[in-house]
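Here is what each chain is made of, one letter per residue.
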Amino acid sequence: MEKRVLHAVLLSLAVLLLYQSFFAPRRQPEPAAPAASSKATGASTPAAAGSAVPTPPMGPAVPAAALPASVASAGGARVVVESDQFRAEFSTRGAVLLSWTLKTYPGAHGHALDLLPVATDVKAPAAFSVTTADETINNTLAAASFTPSATALDLRGTGPRALRFDYTDGAGLRATKVFTFERDGQPFLLGFSAQVLRNGQAQNFTIHSGPGIGDIERAQPSGGMMFGSYYQAPEAITFSDEITRTTTDSLAEQRVFDGNLEYAGSDDHYFLGAALLDRQTRVEYATHPVQTTAGPRTLVSYALSFAQPPSEVKFYFGPKDFDQLQQSDQQLVRTINFGWFAWLVVPLLRALKWVNRFVGNYGWSIIVLTFLINIAIFPLRHKSVVSMRKMQDIQPKVKAIQERYAHLKATDPAKARMNTEMMELYKTAGVNPASGCVPMLLTMPVLFAFYALLSVAIELRGAPFTLWIQDLSQHDPLYITPVIMGLTMLWQQWITPAAGMDPAQQRVMMIMPLMFTFFFLWAPSGLVIYWLTSNLLTIGQQYLTNRIVGAPAKPARA
């Protein structure tokens, strides 16, 4: 039975490593050259987001030589739109969006995060640039000085929620752009409509996202399989019948998605910029390597083309907060990469947020929720320990039976009598050989779901705990909690019955805490706090079980 426990522990470690390696959001190595170099983390099948077969464009193509986003703002007046949640800055030159700052989410240096990174060396149209099939119109609109309906908007009052830009050149070209803020009452939802007329004839147009979005200076390189740290780099995301994630490396092979898309855009670990479409759309992605103070990064931009000019397209620019996404569009919650255990992660996330309403600190909320989870799974763990204790009591008889038949070959018919005697022994002792492992394995989905939750939940980003831990989404800067966690695992191993294990197996079990400590050194501190708390509660349960059923006999240690 103890061998089965060892196998269960090793299987749990294997699942943890496999999840972290293939399914957890991960930051890929960034390129030093223009070629993108991220590996694909998800399927990019054409069926998932429309056909990737080259087709005639639905709208005008992207200009071959796009102006840098910084050029669009040169010489233009600024129009600032401010709410409790964001501060947006537009330029009258081209009527484009230059900045979208999230007030409640700090950047790398403590200042509010701008979702549109400053990338002066990126040759991409600015956000909400529109281009047509006529290059002359495109050049005119890019340099045009639009007239805004207001010099500033303050959404914190009861004033207007729309900003209009108009342009006419007196030679038959007219253009209008209208931005509607807090669309549908949602703080991060922006409505965009445009019209381009040439001699009174409506021109179809393509909408550009700008160079890309992302928290590019705060992102840390992923440690890979041997480390607990990871961060999803910006990547393309589309949703039709299912979600499709395409990393920068895969975009070199497939950058056009054409179909009836519900939404399309780009995201990173914690933030999303996407167009809510629900219509036939052609989306063309591009990658833009940039150099930041944190090192080389890659941005992902996209351009939206339609068969006919759309009346309005809604855009989400904001955090991948489950409630905000759900209120903006039900399917946007799929952009949070919860992995295999999404069905269980969502109720755990709701529970964590519910606890935090009373506690007011996500670090303590993790501890409280971990305590509640352990109470819920206590009966299963207790049953597992009691069953293993019974198995321990009959180990001498089990070994005696095994030794009597040890000289027989596995193909010897007499060998079958050993299994019969073993089953009779189990029946007489009232022991189910599987009852020790099964209850323990039933708790694994809960543990791994909580692991997945704490790995990607934006609620932990920038959330302080206490003392030296001021950001639960970052690793412990002093590495104190991972070391304590490793010590609790050693403690747990020391008080766990080891009867039936040979010295080699005992050594493997004692190495496990060292391995876990190494893996968790760079893991988010919120995740380490959860694992540490769970270990302490398991130790307490072990002592409680010992009081109930009696302390186990101490075997000789290797």
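Residues numbered from 1 in each chain as written. Predicted model: local features only at pLDDT ≥ 70, side-chain atom pairs only at ≥ 80, totals over all residues. Heavy atoms only, no water.

1. A short note on the overall build of the protein chain
(1) Moving on: When you go through the protein chain residue by residue, the secondary structure sums to 14 helices and 18 strands.
(2) Moving on: A buried classification covers 55% of the 558 residues belonging to the protein chain.
(3) Moving on: Pairs at least 24 apart in sequence give 69% of the contacts found in the protein chain among residues at least 6 apart.
(4) Moving on: Entry remark: accessible area of the protein chain is about 24200 Å², with carbon and sulfur atoms responsible for 60%. (Helix = DSSP H or I, 4+ residues; strand = E, 2+ residues; numbered from the N terminus. Buried < 20%, exposed > 50% of the residue type's maximum accessible area, 1.4 Å probe, protein only. Contact = heavy atoms within 4.5 Å. Areas by Shrake-Rupley, 256 points an atom, 1.4 Å probe, with all protein chains shown as cover.)

2. Focus: the pairing of strand β3 (residues 96-106)
Both faces of the sheet carry side chains from a regular strand, because those side chains alternate between them.
(1) Moving on: Pairing geometry for strand β2 (residues 86-91) and β3, over six bridges, is antiparallel. Each bridged residue has a counterpart across the sheet, and for Glu89 the counterpart in β3 is Ser99.
(2) Moving on: Sheet analysis places β3 next to strand β4 (residues 112-114), joined by three bridges and oriented antiparallel. Pairing of Pro106 across the sheet is with Ala112, part of β4.
(3) Moving on: Joining the antiparallel neighbours β3 and β4 is a turn of five residues, in which Gly110 adopts a positive phi near 95°. (Pairing = 2+ DSSP bridges.)

3. Some points on the packing of helix α7 (residues 362-393) against helix α11 (residues 444-456)
(1) Moving on: It is the contact of α7 with α11, at a shortest axis distance of 11 Å, that shows an interaxial angle of 165°. Between α7 and α11, the angle falls in the class roughly antiparallel. Here the hand of the crossing between α7 and α11 comes out right-handed. In this structure, α7 uses Ile366, Leu369, Thr370, Ile373 and Arg381 to contact α11, whose residues at the interface are Val446, Leu447, Phe450 and Leu454. (Axes fitted to C-alpha atoms, helices over the stretch in contact; angles between N-to-C directions. Parallel < 35°, antiparallel > 145°, perpendicular 65-115°, else oblique. Left-handed = near helix turned anticlockwise from the far one by under 90°.)

4. With respect to the side chain of Asn204
(1) Moving on: Structurally, the position occupied by Asn204 is in the loop between β11 (201-202) and β12 (206-208).
(2) Moving on: Within the structure, Asn204 has its side chain in polar contact with the backbone oxygen of Phe306 (distance 2.8 Å).
(3) Moving on: Among the polar contacts listed, one links the side chain of Asn204 to the backbone oxygen of Ala307, at a separation of 3.4 Å. (Polar contact = N/O pair within 3.5 Å; in protein donor to acceptor, adjacent residues only side chain to side chain.)

5. Focus on the nonpolar core
(1) Moving on: If you look at the biggest cluster of nonpolar residues, it comprises 111 residues, and the most contacted ones within it are Phe90, Trp100, Phe128, Phe181, Phe315 and Phe520.
(2) Moving on: When residues of this core are assigned to their parent elements, the largest contribution, eleven residues, is made by α11.
(3) Moving on: Ignoring sequence-local partners within four residues, the contact set of Trp100 consists of Phe86, Arg87, Ala88, Leu113, Asp114, Leu115, Leu116, Phe181, Leu190 and Phe317.
(4) Moving on: Core analysis: the second largest hydrophobic core is formed by twelve residues, Tyr405, Met418, Leu425 and Val431 among them. (Core = buried A, V, L, I, M, F, W, Y, C linked by side-chain atoms within 4.5 Å.)

6. Notes on the packing of aromatic side chains
The geometry of an aromatic ring pair is captured by two quantities: the separation of the ring centres and the angle between the planes.
(1) Moving on: In the structure shown here, the tally under the stated rule is 28 aromatic pairs.
(2) Moving on: Ring geometry for Phe315 against Phe317: centres 6.1 Å apart, planes inclined by 10°, an arrangement best described as stacked.
(3) Moving on: Note on Phe317: relative accessible area 3%, which makes it buried.
(4) Moving on: An aromatic cluster is built from Phe86, Phe90, Trp100, Phe128, Phe165, Phe179, Phe181, Phe192, Phe315 and Phe317, whose rings are joined through pairwise contacts.
(5) Moving on: The ring of Phe146 has Lys177 sitting right over it, with the charged end atom 5.7 Å from the ring centre. (Phe/Tyr/Trp six-rings, centres within 6.5 Å; stacked < 30°, edge-to-face > 60°. Lys NZ or Arg CZ within 6 Å of the ring centre and 35° of its normal.)

7. Details of the pairing of strand β15 (residues 256-267)
(1) Moving on: Burial analysis of β15 places ten of its twelve residues in the buried class, which makes it a mostly covered element.
(2) Moving on: As paired strands, strand β13 (residues 235-239) and β15 are joined by five bridges and run antiparallel to one another. Its bridge partner being in β15, Glu235 is matched across the sheet by Asp267.
(3) Moving on: Hairpin connection between β15 and strand β16 (residues 271-292): a loop of three residues separates the two successive antiparallel strands.

8. Topic: α11
(1) Moving on: Between the first and last C-alpha of α11 there are 19 Å, a value that for 13 residues agrees with the 18 Å anticipated at 1.5 Å per step.
(2) Moving on: Of all 13 residues in α11, twelve are buried, a share of seventy percent or more.
(3) Moving on: All of the buried residues in α11 are Met444, Val446, Leu447, Phe448, Ala449, Phe450, Tyr451, Ala452, Leu453, Leu454, Ser455 and Val456. (Expected span 1.5 Å × (residues − 1).)

9. Considering unusual backbone geometry
(1) Moving on: The phi torsion at Asn199 lies on the positive side, around 55°, for a residue other than glycine.
(2) Moving on: Take Asn199: it is sitting in the loop between β10 (189-198) and β11.
(3) Moving on: For Tyr479, which is not glycine, the phi dihedral falls at a positive 60°.
(4) Moving on: Mapping Tyr479 onto the fold places it in the loop between α11 and α12 (480-495).
(5) Moving on: Residue classification places Tyr479 among the partly exposed positions, given a relative accessible area of 30%.

10. Regarding the sheet that holds β4
(1) Moving on: One open sheet holds the five strands; their spatial order is β4-β3-β2-β1-β7, and the pairing between them is mixed. Both edges of this open sheet fall to β4 and β7 (152-154), since each of them pairs with a single strand only. Taken pair by pair, the neighbouring strands of this sheet meet at an average axis angle of 15°, ignoring direction.
(2) Moving on: Pairing between strand β1 (residues 78-82) and β2: five bridges, direction antiparallel. Each residue of the ladder has a partner; that of Val81, found in β2, is Ala88.

11. Some points on a nonpolar patch on the surface
(1) Moving on: On the surface, Trp354, Phe358, Val359, Trp364, Val368, Phe371, Leu372 and Ile375 cluster together to form a nonpolar patch covering roughly 790 Å² of accessible area.
(2) Moving on: For the nonpolar patch, the element with the most residues is α7, which contributes five residues.
(3) Moving on: Within the secondary structure layout, Ile375 lies in helix α7. (Patch = residues over 30% accessible without salt bridge, like charges linked within 9 Å, V, L, I, M, F, W, Y side chains within 5 Å. Salt bridge = Lys/Arg side-chain N within 4 Å of Asp/Glu carboxyl O.)

12. Re the confidence of the model for the protein chain
(1) Moving on: Mean pLDDT over the protein chain works out to 78, with 77% of the residues at or above the 70 mark.
(2) Moving on: Here residues 1-11 is a poorly scored stretch, pLDDT under 50, and it has 29 contacts once near neighbours within four places are set aside; other chains count.
(3) Moving on: In the predicted structure, residues 13-57 sits below a pLDDT of 50 and forms 121 contacts with residues beyond four places in sequence or in another chain. (pLDDT = per-residue confidence, 0-100.)

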